[in-house]
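Examination of the molecular architecture
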Amino acid sequence: MTSSRIAVLASGRGSNLQALLDAIAAGTLQAQLVGVFCDRPGAPALLRVPSALRWSARPVDFPDRDGYEQALGDALAASGADWIVCAGYMRILGAALVARFSGRMLNIHPSLLPRHRGLHTHAAALASGDAEHGASVHFIIPELDAGAVIAQARLAISPQDTADSLAARVLALEHRLLPAVLRLAVAGRLAERGGTALVDGQPMFTPLTLDSHDRLMP
Ligand code: GRF
């Protein structure tokens, strides 16, 4: 059987990309990384893969957003990716691009969605007095951070936590959560229908939770 093809969209450091590369190298994720797609040509994420797998373009070099996203979409299609993962990709995707890859685009977000969409999630969790925080992986829809949540990893906020300490602790969870969700995806067990995530064909009305053995539990 040929392994599933994964493309990653990233804008910055790429530590979640690295977590996927490490899982593939360790044999715990049966997949092939077919490209890293980046809106910032100098991003460190690009350096994590061989140059043949790097695609980057600056949106300002296109006449408009549609032009940029047409080029990005064409490159993603040419990669033959089965799954497209936004991991620290700092642009909102347009409706046409999302529709083109509907049901196979995932995003990792550093909060327990639907709490704290958008930026500055760690400060927002502290400011809200939340007892828990964490990370979510969800299907992408045009509305930001609003697609069906597949799985989450949680932690308890302590009185000593700062936005920086939470960012570091959540990031460590992200590095375990993202490969776990991709394991489901490449096994053909994950789908989306009518705005709901399906696992093994069953609608999931509550996200799966990452356990201490990196398994996703109902
Ligand atoms: C992660 O916290 C991710 O959830 C958020 O941006 C950060 C990207 O980190 N969307 P990295 O580039 O994967 O290191």
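Use the structure listed above.
Note that the structure is predicted; figures quoted are calculated from it, not measured.

Regarding the sheet that holds strand E9 (residues 196-199)
- Spatial strand order, E8-E9-E10: 3 strands in an open sheet with antiparallel pairing. Edge strands, defined here as strands with exactly one partner in the open sheet, are strand E8 (190-193) and strand E10 (202-204). Strand-to-strand twist of the sheet, defined as the mean angle between neighbouring strand axes without regard to direction, takes the value 40 degrees.
- Sheet analysis places E9 next to E10, joined by 3 bridges and oriented antiparallel. For Val 199, the partnering residue across the bridge sits in E10 and is Gln 202.

Regarding the nonpolar core
- Ile 6, Val 8, Ile 150, Leu 177, Val 181, Leu 182 and Leu 216 are the most contacted members of the largest nonpolar core, which totals 49 residues.
- If you tally residues by element for this core, the top one is helix H5 (residues 163-186), at 11 residues.
- Discounting residues that sit within four places of it in the chain, Ile 150 has contacts with Leu 106, Val 137, His 138, Phe 139, Val 181, Leu 190, Ala 197, Met 204, Pro 207 and Leu 208.
- Residues Ala 7, Ala 57, Val 98 and Ile 140 belong to the second largest nonpolar core, which totals 20 residues.

So, how was this worked out
- Residues numbered from 1 in each chain as written.
- Predicted model: local features only at pLDDT ≥ 70, side-chain atom pairs only at ≥ 80, totals over all residues.
- Heavy atoms only, no water.
- Pairing = 2+ DSSP bridges.
- Helix = DSSP H or I, 4+ residues; strand = E, 2+ residues; numbered from the N terminus.
- Axes fitted to C-alpha atoms, helices over the stretch in contact; angles between N-to-C directions.
- Core = buried A, V, L, I, M, F, W, Y, C linked by side-chain atoms within 4.5 Å.
- Buried < 20%, exposed > 50% of the residue type's maximum accessible area, 1.4 Å probe, protein only.
- Contact = heavy atoms within 4.5 Å.

Limitation: the analysis is restricted to geometry and does not speak to function.
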